[in-house]
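Okay, here's what each chain looks like letter by letter:
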Amino acid sequence: MSQNRNRTDSNNSDDDESLGNWAVAGLVGLAGLAIGAGAYYLTSSSSSQAEEQKKKEERERAEARQREQARQEAEYQGGYSGWNLFTNVACAAAAVMGSQMSAAAPAESVLVVPGNPLITNMNGLLHDIYKRYIALKDEEFEEHYNVFMKIFYRLHEQMKVADKYYNRYSSTVQFAGSHYDRLRINKPDEFDMDIIIGLPVNLKEAPKPANSDIVLEAKAPGFIQLKAGTQFQNLPKRDGADWLINRTAHEWLDERNYLLRSKFTDWFKSVVNKAMNSFPADPSSGRRVVNVDGIPYTLRLSSSGPAITLIIVNSKGFRLDVDLVPALKFPKERWPICRPYRKVPDNCNHHDIFMVVPKPMKGGLNRYDTDRSWRIAMHLQERDIMHATENMRQAIRLIKKLRDSQGLNKIASYYIKTIFYHEAMARQNEPHFWRNSPSYLFSIMVKKFIEHLDSGEIAYFWNKENNLIGYIERSTLTGYANKLKKLVPILDDPSKYKWAAKYLLTESQFKEYNDKFLHI
C-alpha cells in the first residue's frame, strides 16, 4: 500500500467502509455519461468528429464499468445508485431522440438517507452530509433532464430553420459546466450548452502564420483576437452562390478585418429569438409555451455575458435555466497560442480542438479590446485532468458546498476547480494521492484554498500570468480566509470532527442536523 494511502486521518478506524460508501456516491457522475449520449444526437459533424465521439464514448463506458465494479466490491447496502440514475436518463433521452437507446424500467430512487446514521469519524460525517445536502436526487435530475432534452431539441431544430448559416455551420452541440464535469451540487436546475459554430475558411495555421485564413493574436492572458486573412476577406468574390449563406460570417468583421465578438453574439441571439418566436404564445402573458408530457412550460430569454439563457418554468414551481453559449473551434495544432501558455498535458491531449467563446476582456485599454476579445475555453482538456482521479470530484463538491455555506460569493466554481488542476499537476508522481479518503483530501485542499486566499492569487491554469482572483479586494479575500481558518483546528483534531458540520452547512441546516444527530 502506498505511503499516501496510509496517511489518512488517524481517527478513521473504519475508513475502508467509509471509502466504500464514497465509491458508491461517486457514481453520481454517470449522469454526465447519459448527458453525453443525448448531446451526441444533436451533433451533425464530419466522419472524423463521429469517430472521436465514438472513442470518447468507449472511454466513458470503460470508466462507468470501473465505477460499477468499485460499487460491487464495496458491497455497500443503500446509498446512491448511479446506474439507476443512468437508466432513468437513458429512458428520457430515448423518448426524445427516437433512438435505439433502451433501459430497464427504473426502480424507485435509491438514494437512501438513513433515519439514524452511524457517524463515528470525519469520513462518516462528510458522507452523510453529502447524501443529505449535496448530492443530486435521482428523481429531480430525471425530471429536469427530460424537460431540457425535449425543449432544447425542438429549439435547436427551429434555430436551423430560422437561419441558413446556423443550419450549415452549427457543427456540434455539447454540454459544459458543472453537469458536464459531474460536479453539480444541490439541485440540477442549471445546464450549460456550448454550440460550436463553424467558419467558411481553413482553420489551420499556414506555414507563415500571418498568411492564415484566421490569425490568432494573443491579448491579455486567457484572451485572443481573431483577424481575418485574405481568404476570409475575399468571401464575396470567392463563394459564388454560397455567398448568400457565408455573408453572415463576413458581416462579423470590422473595418480592420477583426471578428467582432459583439456582432457574433448579436447574430446568435437573433437566431435564438427567431426560433423562440416559432413556438405558440400564451394568450394572457404573451410568453412562449411548450408542452412536455402534457404539462405546459413557459419559456423566456435572458442575456448574460457570452450566453443567452433559456429560462423554463411551469405553474408548479419548476424552473430550469439553460445557458446557450456560442463558440468557435480551432485545431489543437494551433495551441499554445504563444509562449506564456502551458502545453496541453499528455493525459489531456485526446481532443482535436480547443475553443474560444465571445466573452469580453475586462480592463481593456479601449473599446476595440472589448469588442474584439474572445476568451479561450479549454473545457475538453480540463475535464481530462480530472479523469481517473478517484475522490477528487468528491473533494471539489465538498469545497463548493463549504464556499456556499460560508458565503464566499466571489469565488466562482471555476476558481476552485483551478486549484485542483494545479494540485493534480503537482501530484503527477503520486498516482495514488486521489485515492486517499475524502476527509483527508478535503483537509488538504481546504488548506490549499486558504493559502490562495491569503496570497490573493489563483493562477489561471493555462497561463499563470492571469490571476483569476486579482480583481477581488484583498480585504474580501482576507475575510474569506479568516472564515476558513477556523475550520483548520477541527480538521486537524479527530475528536472534533462533528464541528465540521457547522462550516459545511448553512445555519438552518446545521441546527436541523445537530438537533437530530450530532447533539453538540
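Residues numbered from 1 in each chain as written. Predicted model: local features only at pLDDT ≥ 70, side-chain atom pairs only at ≥ 80, totals over all residues. Heavy atoms only, no water.

Trainee: Describe the packing of helix 15 (residues 392–406) against helix 16 (residues 413–426), and please don't skip the residues or the numbers.
Mentor: At a closest axis distance of 10 Å, the pairing of helix 15 and helix 16 adopts a crossing angle of 145°. Note on packing geometry: the crossing formed by helix 15 with helix 16 is right-handed. Where helix 15 abuts helix 16, its residues Met392, Ala395, Ile396, Ile399, Lys400 and Arg403 lie against Ser413, Ile416, Lys417, Phe420 and Ala424. (Axes fitted to C-alpha atoms, helices over the stretch in contact; angles between N-to-C directions. Helix = DSSP H or I, 4+ residues; strand = E, 2+ residues; numbered from the N terminus. Left-handed = near helix turned anticlockwise from the far one by under 90°. Contact = heavy atoms within 4.5 Å.)

Trainee: Lay out the packing of helix 5 (residues 122–134) against helix 15 with the relevant residues and their values.
Mentor: Two elements in contact, helix 5 and helix 15, have axes separated by 11 Å at closest approach and are oriented at 65°. As judged from the angle between their axes, helix 5 and helix 15 are roughly perpendicular. By crossing handedness, the relation of helix 5 to helix 15 is classed as left-handed. Counting all contacts with helix 5, which are made through Leu126, Tyr130, Tyr133 and Ile134, the residues of helix 15 involved are Gln394, Arg397, Leu398 and Lys401. Residues of the contact of helix 5 with helix 15, tallied by class, amount to five nonpolar, one polar and two charged. (Parallel < 35°, antiparallel > 145°, perpendicular 65-115°, else oblique. Nonpolar A, V, L, I, M, F, W, Y, C, P; charged D, E, K, R; others polar.)

Trainee: Break down the pairing of strand 2 (residues 190–197) for me, citing the residues and quoting the values.
Mentor: Counting buried positions over the eight residues of strand 2 gives six, a clear majority of the element. As judged from the six bridges shared by strand 1 (residues 170–176) and strand 2, these two strands associate in the antiparallel manner. In the sheet register, Val173 faces strand 2, and the bridge partner there is Ile195. Across seven bridges, the pairing between strand 2 and strand 8 (residues 319–331) is parallel. Along strand 8, the bridge assignment pairs Met193 with Leu324. (Buried < 20%, exposed > 50% of the residue type's maximum accessible area, 1.4 Å probe, protein only. Pairing = 2+ DSSP bridges.)

Trainee: Can you tell me about the confidence of the model for the protein chain, naming the residues and giving the values?
Mentor: Interpretation of the predicted coordinates at a detailed level should be avoided for regions scoring low in pLDDT. Across the protein chain, the average pLDDT comes to 83, with 78% of residues at or above 70. Counted against residues more than four places away or in other chains, residues 1–21, with its pLDDT under 50, gives 47 contacts. Taken as a whole, residues 39–47 scores under 50 in pLDDT and shows 21 contacts with residues more than four places along the chain or in a different chain. (pLDDT = per-residue confidence, 0-100.)

Trainee: Any chance you could break down the pairing of strand 8 for me, citing the residues and the numbers?
Mentor: Most of strand 8 sits inside the fold, with eleven of its 13 residues counted as buried. By the bridge criterion, six bridges tie strand 7 (residues 307–313) to strand 8 in an arrangement that is antiparallel. When the bridges of strand 8 are listed, Ile308 appears paired with Leu324. The loop that links strand 7 with its antiparallel partner strand 8 comprises five residues; one of these, Gly317, has a positive phi angle of about 95°. Note that strand 8 and strand 9 (residues 353–357) share four bridges and pair antiparallel. Paired with Lys329 across the strands is Met355, a residue of strand 9.

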